[in-house]
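Breakdown of the fold
Each chain, letter by letter, is given below.
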Amino acid sequence: MSKPKHERRLDASEAEAVMRNLRVSPRKLNLVAGLIRNRPAAQAIATLTFSKRRIAGDVKKVLQSAIANAENNHSLDVDRLVVTRAEVGRAVVMRRFHARGRGRSARVEKWFSHLRIVVAELPEFAATNAAQTEEGAA
C-alpha cells in the first residue's frame, strides 16, 4: 500500500525550486533574495548576473531551475514569469572553536541556509511589460 497522494501546495500558475544547505548565513542570503523579489524573471536573472555577492551565482541557479520547472513541468509562459516569493530559512549551524590566549577558546558558528524561489505566471504582466518596452522604444 502506497502513501496517499498529497495536494499541490502551489497554484496551477506557479512553480518552485528549492536549494537546501547553502553555505551562507541566512542574513546574507536574504539580502540577495531581496534583490529579486517581485521582479520579472528575466530582470531578476540580469540582477543576479551582475551582483558582486558570492552567493548570487547559487541563487541564480535556483532561479533558473524554477523557470525551467515552470516551462517544462507546468507549461507556463517564460516571458510572463515573475518571482513572487524568495524565502530564506535557517538550516544547520556547524559549531567550531577558535583557540584564544591563556588557554581559552571561542566559539565559531558556520551558518547554513535553505532557499525557496517561487515563480508565477501573471497574465496582466505581459500587457504592462509590452507597454513599457514600447514606451522605451518611442
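Before going into details, it helps to say that this report is about the structure given with it. (Residues numbered from 1 in each chain as written. Predicted model: local features only at pLDDT ≥ 70, side-chain atom pairs only at ≥ 80, totals over all residues. Heavy atoms only, no water.)

**Some remarks on the pairing of strand β3 (residues 105-121)**
Along any regular strand the residues' side chains alternate between the sheet's two faces. For strand β1 (residues 14-22) and β3, the ladder comprises 7 bridges, and the chain directions are antiparallel. Opposite Ala 17, over in β3, you have Ile 117 as the bridge partner. Here strand β2 (residues 81-99) pairs with β3 via 16 bridges, running antiparallel. Along β3, the bridge assignment pairs Gly 89 with His 114. (Pairing = 2+ DSSP bridges. Helix = DSSP H or I, 4+ residues; strand = E, 2+ residues; numbered from the N terminus.)

**Some words on the layout of surface pockets**
In this model, the largest pocket occupies a volume close to 180 Å³. Lining the largest pocket, in full, are His 6, Glu 7, Arg 8, Arg 9, Leu 10, Ala 15, Glu 16, Asn 69, Asn 73, His 74 and Arg 116. By residue class, the composition of the lining of the largest pocket is 2 nonpolar, 4 polar and 5 charged. (1 Å grid on protein atoms, 1.4 Å probe; cavity = no way out; pocket = protein on both sides within 12 Å on 5 of 7 lines; lining within 4 Å. Points joined across faces, edges and corners; volume = space filled by probe spheres on them. Nonpolar A, V, L, I, M, F, W, Y, C, P; charged D, E, K, R; others polar.)

**Examining the sheet that holds β1**
The 3 strands lie next to each other as β1-β3-β2, forming an open sheet whose pairing is antiparallel. Looking along the sheet, the strands with just one partner apiece sit at the ends: β1 and β2. Between one strand axis and the next, the sheet turns through 10 degrees on average, direction left out of account. On top of the sheet, helix α1 (residues 26-36) reaches β1, β2 and β3; it is set at about 165 degrees to β2, its chief contact. (Axes fitted to C-alpha atoms, helices over the stretch in contact; angles between N-to-C directions. Contact = heavy atoms within 4.5 Å.)

**Looking at helix α3 (residues 56-72)**
Compared with an ideal rise of 1.5 Å per residue, which puts 17 residues at 24 Å, α3 spans 24 Å between its outermost C-alpha atoms and is within 8% of the ideal. When α3 is considered as a whole, its buried residues turn out to be Ala 56, Val 59, Val 62, Leu 63, Ala 66, Ile 67 and Ala 70. Buried positions in α3, seen along its axis, are confined to an arc of 140 degrees and lie on one side of it. Summarising the geometry of α3, the exposed residues directed more than 90 degrees from the buried face are Lys 61 and Asn 72. Close packing links the buried residues of α3 with β1, α1, α2 (41-49), β2 and β3. (Expected span 1.5 Å × (residues − 1). Buried < 20%, exposed > 50% of the residue type's maximum accessible area, 1.4 Å probe, protein only. Arc of directions from axis to C-beta.)

**Remarks on α1**
Within α1, burial applies to Pro 26, Leu 29, Val 32, Ala 33 and Ile 36. Angular distribution of buried residues about the axis of α1 spans 125 degrees; they occupy a single face of the element. Summarising the contacts, the buried residues of α1 are in contact with β1, α2, α3, β2 and β3. Asn 38 occupies a position one or two residues after α1 and carries a positive phi of about 60 degrees.

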